[in-house]
Amino acid sequence: MIGVFDSGVGGMTVASAIEQVLPDKQLIYFGDLARAPYGSKSPETIRRYAIENTEFLISKGATLIIVACNSAASVASDILQSTFDQPVFEVITPAIDRAIAVSRTGRIGVIGTRATIKSGVYEQEIKRKRTECKIFSEPCPMLVPLVEEGWLNKRETKMITRRYLHPLKMKNVDTLLLGCTHYPLLKHLIQPRIGKRVKVIDSSHEVAKRLHDFLESRPELSRSLEKKTENTYYVSDVTDAASMTAQRIFGRKIKLNKI
Ligand code: DGL
């Protein structure tokens, strides 16, 4: 089973991309809604939550873990990789590789939660892989609550998005990394505000492709992940807004099982 976790429903953008790329694989999702948001918590707390979430997914039968939360990936990937035997994928590296490949000018913008931006992981990794890049980061702390509330088309969300993107627009970035798995749900607002020529990188597609390629080279593991029942979605709290957002992401009704 492929186990995917996030602090809330944002990681469902990743689960949905995996379902599209690997429709025959069994997937289990955990959204830690009761403890969200992670982006404003300390690295120690996020690490503890990430370990607990991984343990939960493994207890349900996951044999491969996807950290579908940039806040958790930016501070907890190392500890998850060293603590657990199961392969651990995260959303940051595949997105960075894509940004590096498509950016012509090397001027790359990154938006994410406070925890992700503060970790500096995007700057460090991009610079390590392509030294001449100039990276411009903006924390966008208000976007996650707006997405979790389902305010995807409200005037206020448009205004806040414009405000957050303004400094990056002024820096003439040619590529923008969505460094939070909630943000693909706002891509329709982000793209026109950052400029239609800017390439907006959505990590959900990138991690799904990476997982697909990884499994192609491991047929045995790939076979063991084959689908036997419907995919299951667990959350630590159920809210109406979460159910609505889940339905919007998958384009069908999703049963959220509370643990
Ligand atoms: N979706 C998560 C991320 O990618 C975080 C949202 C939160 O702050 O909990 O960073």
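Quantities reported herein were computed from a predicted structural model and do not represent experimental measurements.

**Some details on the overall build of the protein chain**
For the protein chain, the count of helices and strands is 12 helices and 10 strands. On C-alpha atoms alone, the protein chain measures out to a radius of gyration of 17 Å, which is about the 18 Å that the 2.2 N^0.38 rule sets for 259 residues. With respect to the principal axes defined by its C-alpha atoms, the protein chain has extents near 50 × 40 × 35 Å. Of all 259 residues assigned to the protein chain, the portion counted as buried reaches 57%. Taking the intrachain contacts of the protein chain between residues at least 6 apart in sequence as the baseline, contacts between residues at least 24 apart amount to 75%.

**Some details on the site of the ligand**
Neighbouring residues of the ligand: 13 residues in total, closest Ser7, Tyr38, Gly39, Asn70 and His182. Between the ligand and Asn70, the relevant distance is 2.7 Å, taken from an oxygen atom to a main-chain nitrogen or oxygen of the residue. Between the ligand and the protein, one listed contact pairs an oxygen atom with a side-chain N or O atom of Ser71 at 2.8 Å. By residue class, the composition of the shell around the ligand is 5 nonpolar, 7 polar and 1 charged.

**Quick word on the UniProt feature "binding site: substrate" (unreviewed entry) in the protein chain**
UniProt tags Asp6, Ser7, Tyr38, Gly39, Asn70, Ser71, Thr181 and His182 as "binding site: substrate" (unreviewed entry). Spanning 177 residues, the named residues form one tight spatial group whose C-alpha atoms are at most 12.0 Å apart. Inspection of the secondary structure puts Asn70 in helix H3 (residues 70-83). Sequence-distant contacts of Asn70, defined by excluding residues within four places in its chain, comprise Val91, Ile92, Thr116, Tyr122, Gly179, Cys180, Thr181 and Ser203. Thr181 has contacts with Asp6, Gly10, Gly11, Thr13, Val14, Ala68, Cys69, Asn70, Val91 and Ser203, leaving out every residue within four places of it along the chain.

**A short note on the sheet that holds strand S6 (residues 134-139)**
The 4 strands lie next to each other as S6-S5-S7-S8, forming an open sheet whose pairing is parallel. The open sheet is flanked by S6 and strand S8 (199-202), the only strands paired with a single partner. Taking the axes of each pair of neighbouring strands and ignoring which way they run, one obtains an average angle of 20 degrees across the sheet. Sheet topology places strand S5 (residues 107-112) next to strand S7 (residues 175-179); 5 bridges connect them, and they run parallel. From the neighbouring strand, Val110 faces S7, where its bridge partner is Leu177.

**What about the packing of helix H2 (residues 43-59) against H3?**
Remark: H2 packs on H3, axes separated minimally by 9 Å, with the N-to-C direction vectors making an angle of 65 degrees. Considering the angle they form, H2 stands roughly perpendicular to H3. Seen from above, H2 lies across H3 with right-handed handedness. Residue-level contacts link Pro43, Ile46, Arg47, Ala50, Ile51 and Thr54 of H2 to Ser71, Ala72, Val75, Ala76, Ile79 and Leu80 of H3. For the contact of H2 with H3, the per-class residue count stands at 9 nonpolar, 2 polar and 1 charged.

**Comments concerning unusual backbone geometry**
Put simply, Ala36 and Pro37 share a cis peptide bond, and its omega is 0 degrees. Secondary-structure assignment places Pro37 in the loop between strand S2 (27-31) and H2. The phi dihedral of Asn172 is positive, around 55 degrees, even though this residue is not glycine. Locating Asn172 in the fold gives a position in the loop between helix H8 (155-170) and S7. Taking relative accessible area as the criterion, Asn172 reaches 58% and is therefore assigned exposed.

**Here's the deal with the nonpolar core**
Nonpolar side chains tend to gather and get buried jointly when the protein is soluble and globular. Core analysis: the largest hydrophobic core is formed by 94 residues, its most contacted members being Ile18, Ile66, Ile126 and Leu176. Beyond its immediate chain neighbours, meaning those up to four positions away, Leu176 contacts Gly109, Val110, Ile111, Leu165, Leu168, Ile190, Ile194, Val198, Lys199, Val200 and Ile201.

**Digging into the UniProt feature "active site" (unreviewed entry) in the protein chain**
The positions that UniProt labels "active site" (unreviewed entry) are, in the present scheme, Cys69 and Cys180. The greatest C-alpha distance among the annotated residues, which extend across 112 residues, is 6.6 Å, indicating that they converge on a single site. Assignment of secondary structure puts Cys69 in the loop between strand S3 (64-67) and H3. Excluding residues that lie within four positions of it along the chain, Cys69 makes contacts with Phe5, Asp6, Ser7, Tyr38, Val91 and Thr181. Of note, Cys180 is situated in the loop between S7 and helix H9 (187-194). If we skip the residues at most four places from it in the chain, Cys180 touches Asn70, Ile111, Gly112, Thr113 and Val144.

Criteria and thresholds
Residues numbered from 1 in each chain as written. Predicted model: local features only at pLDDT ≥ 70, side-chain atom pairs only at ≥ 80, totals over all residues. Heavy atoms only, no water. Helix = DSSP H or I, 4+ residues; strand = E, 2+ residues; numbered from the N terminus. Rg over C-alpha atoms; globule rule 2.2 N^0.38 Å. Buried < 20%, exposed > 50% of the residue type's maximum accessible area, 1.4 Å probe, protein only. Contact = heavy atoms within 4.5 Å. Near = heavy atom within 4 Å. Polar contact = N/O pair within 3.5 Å; in protein donor to acceptor, adjacent residues only side chain to side chain. Nonpolar A, V, L, I, M, F, W, Y, C, P; charged D, E, K, R; others polar. UniProt positions renumbered as here; feature names shortened; annotations may be inferred. Pairing = 2+ DSSP bridges. Axes fitted to C-alpha atoms, helices over the stretch in contact; angles between N-to-C directions. Parallel < 35°, antiparallel > 145°, perpendicular 65-115°, else oblique. Left-handed = near helix turned anticlockwise from the far one by under 90°. Core = buried A, V, L, I, M, F, W, Y, C linked by side-chain atoms within 4.5 Å.

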